[in-house]
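# A look at the structure
Letter by letter, the chains look like this.
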Amino acid sequence: MATTMLSYKGVCASIRVDGKDLPVYAAEKDAHKGTATCFIASEAGKAFSICLKDDDSGRPRRWALDCRLYFDGPQVPAQERLLRKNRACCKISTLITSATSERPLIFARIETTDNESSLTDAIPSDPGSIRISIQRVVVSNHPRPPLATDNIAYGSQVAGSGIVHEKSKKGGGNKTSLGPTRSIPTVSLVYVKDYSPADAEPFVNFIFRHRPEAVLKAADIIPRTPPPPAAPEGPNQEESDDEDPENIKARLRELTQREEQFEAERIALEKERERLKRKRGNVKNEEDELHPHKFFRPGKVIDLTDL
């Protein structure tokens, strides 16, 4: 049975859909980068939650965990969540769009077009990725409502919300999108600071790379289910020449659909291979992407909603 959670340095992370944690595949850890990665199968239109658990919650410690979110590439501003040192778990299922509103996180198909004039600049830089960057911090005040002087730039959408060309290697997959806006009680904020000088860099990073299930099976990331064994033929069983024409047409349509599905999986697999080859030859500087002070000044504000 596949595991449903990434675990590293005493912290566990999972992606939950319909109340169940999704199985993770091809899980890896990179001690040099402090990163744990895996693949999960995503379904367009499904809402999801990010679940974090502190396995060391039963042990006394002096720090809290500051969780920063990256969807399809860049960090989402003003969306830091705090897992306090006396709390064992945290669930993140929405994007905070104002002090009193939020939008649920959902999986969505990456839209493609062959019309050059319909392309937008907001294309994913790392499509199909959910990254949670965690740092150790200490809280310097009690939770309070946000003030106008806080100058919080709430995000109203996630990166990669645009349309890409159908020939792009980024097509054929899923991305993170948002559901309808809904009202919430006023969020609570706290100020934090790094626990130690060593905590200027992330304590641990979790990266979930999500793809449609068919794409992961085509790439052999999810093992394919073997077909059931054929039933033995009877001693005198012969193929009938007078089979119903409608049955023959239905079977032909089924075979055509299966051929189209296999071809789509082959194309998706080829795109994934080309993307990985290209990325291997042009590795990004992840330290720039994960810089802890990219969006927050010293004494940064952290959202505590949904803890």
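### Section: the overall build of the protein
- Within the protein, the secondary structure is distributed over three helices and 19 strands.
- Taking all 307 residues of the protein together, 40% fall into the buried category.
- For the protein, contacts bridging at least 24 residues in sequence account for 80% of all contacts bridging at least 6.
- Summing over all exposed atoms, the protein offers an accessible surface of approximately 17,300 Å²; the carbon and sulfur share of this is 51%.

### Side note on the packing of aromatic side chains
- For the coordinates displayed, the defined rule picks out two aromatic pairs.
- Geometrically, the ring pair formed by F48 and F107 is stacked, given 4.3 Å between the ring centres and 15° between the ring planes. A residue pair is termed long-range when its members are at least 10 positions apart, and F48 in the loop between β5 (35–41) and β6 (49–54) and F107 in strand β11 (residues 101–109) qualify at 59 residues.
- Residue F48 is classed as buried on the basis of its relative accessible area, which comes to 2%.
- Overall, the relative accessible area of 1% leaves F107 in the buried class.
- Against the face of Y8 rests K9, its NZ or CZ located 5.7 Å from the ring centre.
- One Lys or Arg, R136, reaches over the ring of W63 and ends 4.7 Å from the middle of that ring.

### Examining the environment of G179
- Residue placement: G179 occurs in the loop between β15 (174–178) and β16 (182–183).
- Sequence-wise, G179 and L95 are 84 residues apart; in three dimensions their C-alpha atoms are separated by 9.5 Å.
- Aside from chain neighbours lying at most four places away, what touches G179 is R103, P104 and I106.

### Focus: the nonpolar core
- Counting 33 residues, the largest nonpolar core has I50, I132, F206 and F208 as its most contacted members.
- Those residues in contact with F206 that sit more than four places away from it in its chain are L6, S7, Y8, V11, C12, A13, A36, I130, R131, I132 and I134.
- One finds A64, V137, V190 and V192 within the second-largest nonpolar core, a separate group that totals five residues.

### Here we look at the confidence of the model for the protein
- Residues of the protein with pLDDT of at least 70 account for 69%, and the chain-wide mean is 76.
- Predicted confidence is poor over residues 283–307, with pLDDT under 50, and the contacts of this stretch with residues over four places away or in other chains come to 73 contacts.

### Describing unusual backbone geometry
- Although it is not a glycine, K9 sits at a positive phi angle of roughly 55°.
- Looking at the element boundaries, K9 is found in the loop between β1 (6–8) and β2 (11–17).
- K9 sits in the partly exposed class, given a relative accessible area of 40%.

### Let's talk about the pairing of β11
- For β11, the tally of buried residues reaches seven of nine residues, placing the bulk of the element in the interior.
- In terms of strand pairing, strand β10 (residues 94–98) meets β11 through four bridges, oriented antiparallel. Paired with T94 across the bridge in β11 is P104.
- Joining the antiparallel neighbours β10 and β11 is a turn of two residues.
- Of the strand pairs in this sheet, β11 and β16 are connected by two bridges, and their pairing is antiparallel. Bridge pairing in β16 places S101 opposite S183.

### Some remarks on the environment of G73
- With respect to the element layout, G73 can be found in the loop between β7 (64–71) and β8 (81–83).
- The class of G73 is buried, set by a relative accessible area of 10%.
- Those residues in contact with G73, other than ones at most four positions away along the chain, are S125, D126 and S129.

### A short note on the side chain of S133
- Assignment of secondary structure puts S133 in strand β13 (residues 129–139).
- On the basis of relative accessibility, which here comes to 2%, the residue S133 falls in the buried class.
- A distance of 3.0 Å separates a polar atom in the side chain of S133 from a polar atom in the side chain of N205.

Rules of the game
- Residues numbered from 1 in each chain as written.
- Predicted model: local features only at pLDDT ≥ 70, side-chain atom pairs only at ≥ 80, totals over all residues.
- Heavy atoms only, no water.
- Helix = DSSP H or I, 4+ residues; strand = E, 2+ residues; numbered from the N terminus.
- Buried < 20%, exposed > 50% of the residue type's maximum accessible area, 1.4 Å probe, protein only.
- Contact = heavy atoms within 4.5 Å.
- Areas by Shrake-Rupley, 256 points an atom, 1.4 Å probe, with all protein chains shown as cover.
- Phe/Tyr/Trp six-rings, centres within 6.5 Å; stacked < 30°, edge-to-face > 60°.
- Lys NZ or Arg CZ within 6 Å of the ring centre and 35° of its normal.
- Core = buried A, V, L, I, M, F, W, Y, C linked by side-chain atoms within 4.5 Å.
- pLDDT = per-residue confidence, 0-100.
- Pairing = 2+ DSSP bridges.
- Polar contact = N/O pair within 3.5 Å; in protein donor to acceptor, adjacent residues only side chain to side chain.

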